[in-house]
Amino acid sequence: MMHLALVLVSLTFACGLRLSYEPQGTVVERWHRALIGLLAPILLVVMSAIALLCMGPSGQMVHHWEGWSLYALSIVFVILSLVWLVQLSQKGWQSLRAVQHHPLATVQAYPCRLLESHLPYSAQVGFWKPELVVSQGLLDLLDEPHLQAVLLHEQAHHHYRDTFWFFWLGWLKAITQWLPQTERLWQELLLLREIRADRWASEYTEPLLLAESLVEVAKAPWLQMSPNAATFSCNVINLRMQERVEALLGQTWQSSRLSVRFWLWLIAATLPLLIIPFHH
């Protein structure tokens, strides 16, 4: 009975947290709220699956098939999650290897890979130590000050290790796509990631230059090379360009240090593991 109750309670709380999510407050508050909304329900489901695996199929059950069915379901979930992780890792490495076939160049003192494309494009591609990719189209489109603003934006992604952290967030998002509001939370995090990079870059250049660069790049057709990339021109229309520009010229990001509330939610998501010692 404990197994079934654990599954039902975990799914109820996970769906409830997702359904109650609303993007509110400042950009920093929205960032924390979106992270909690994405991570806490996913961790709750994952921790429940791990708890079921640790408890095994035996125990006091109302139905004899309950233990084995839930145990098998947990095994399938964990295996599929690991398979998905391997697939995403392979795609990431393939993208990185493809980028490394492009010639090395130096643009305004930034080492990068030069992409022979007429479309304006810049991105950090990789994992913990990504490579900067810049297209010839971007060099032709922007003058020196605007190009510097874009490169500072990409440096911000490197500073925050966005490619690494969003690889893991993307994996967690993929394995629980069936939870409510998953895509909405993902798009919100992508938008706020770009706003955060914009604000970091604006500390070293004029915000207006970066905003003008954003508008210029948005006029061109969209180019996406890699799913494991943090890019200035990443589907900028869908990421609500106007909101990015307004945030860049208006609000300040302030401190993005994770709050105590965030960590309390993550700790609460691990509570299913506490049931394991009481299993009979």
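Residues numbered from 1 in each chain as written. Predicted model: local features only at pLDDT ≥ 70, side-chain atom pairs only at ≥ 80, totals over all residues. Heavy atoms only, no water.

### Side note on the pairing of strand S1 (residues 104–107)
Then, in step 1: Of the strand pairs in this sheet, S1 and strand S2 (residues 110–115) are connected by four bridges, and their pairing is antiparallel. The residue bridging Thr106 from the neighbouring strand is Pro111, located in S2.
Then, in step 2: Hairpin connection from S1 to S2: two residues lie between these consecutive antiparallel strands, with Gln108 at a positive phi of about 50°. (Pairing = 2+ DSSP bridges. Helix = DSSP H or I, 4+ residues; strand = E, 2+ residues; numbered from the N terminus.)

### Observations concerning unusual backbone geometry
Then, in step 1: Of note, the phi angle at Ala109 is positive, near 75°, even though the residue is not glycine.
Then, in step 2: The residue Ala109 is located in the loop between S1 and S2 in this model.
Then, in step 3: Since its relative accessible area comes to 68%, Ala109 is described here as exposed.
Then, in step 4: The backbone of Gln181 sits at a positive phi, close to 60°, despite the residue not being glycine.
Then, in step 5: With respect to the element layout, Gln181 can be found in the loop between helix H6 (162–175) and helix H7 (182–202). (Buried < 20%, exposed > 50% of the residue type's maximum accessible area, 1.4 Å probe, protein only.)

### Things to note about the environment of Val150
Then, in step 1: With respect to the helices, strands and loops of the structure, Val150 is situated in helix H5 (residues 144–160).
Then, in step 2: Accessibility expressed as a relative area gives 0% for Val150, which makes it buried.
Then, in step 3: Each C-alpha atom, one on Val150 and one on Thr205, is 9.9 Å from the other, the two residues being 55 residues apart in sequence.

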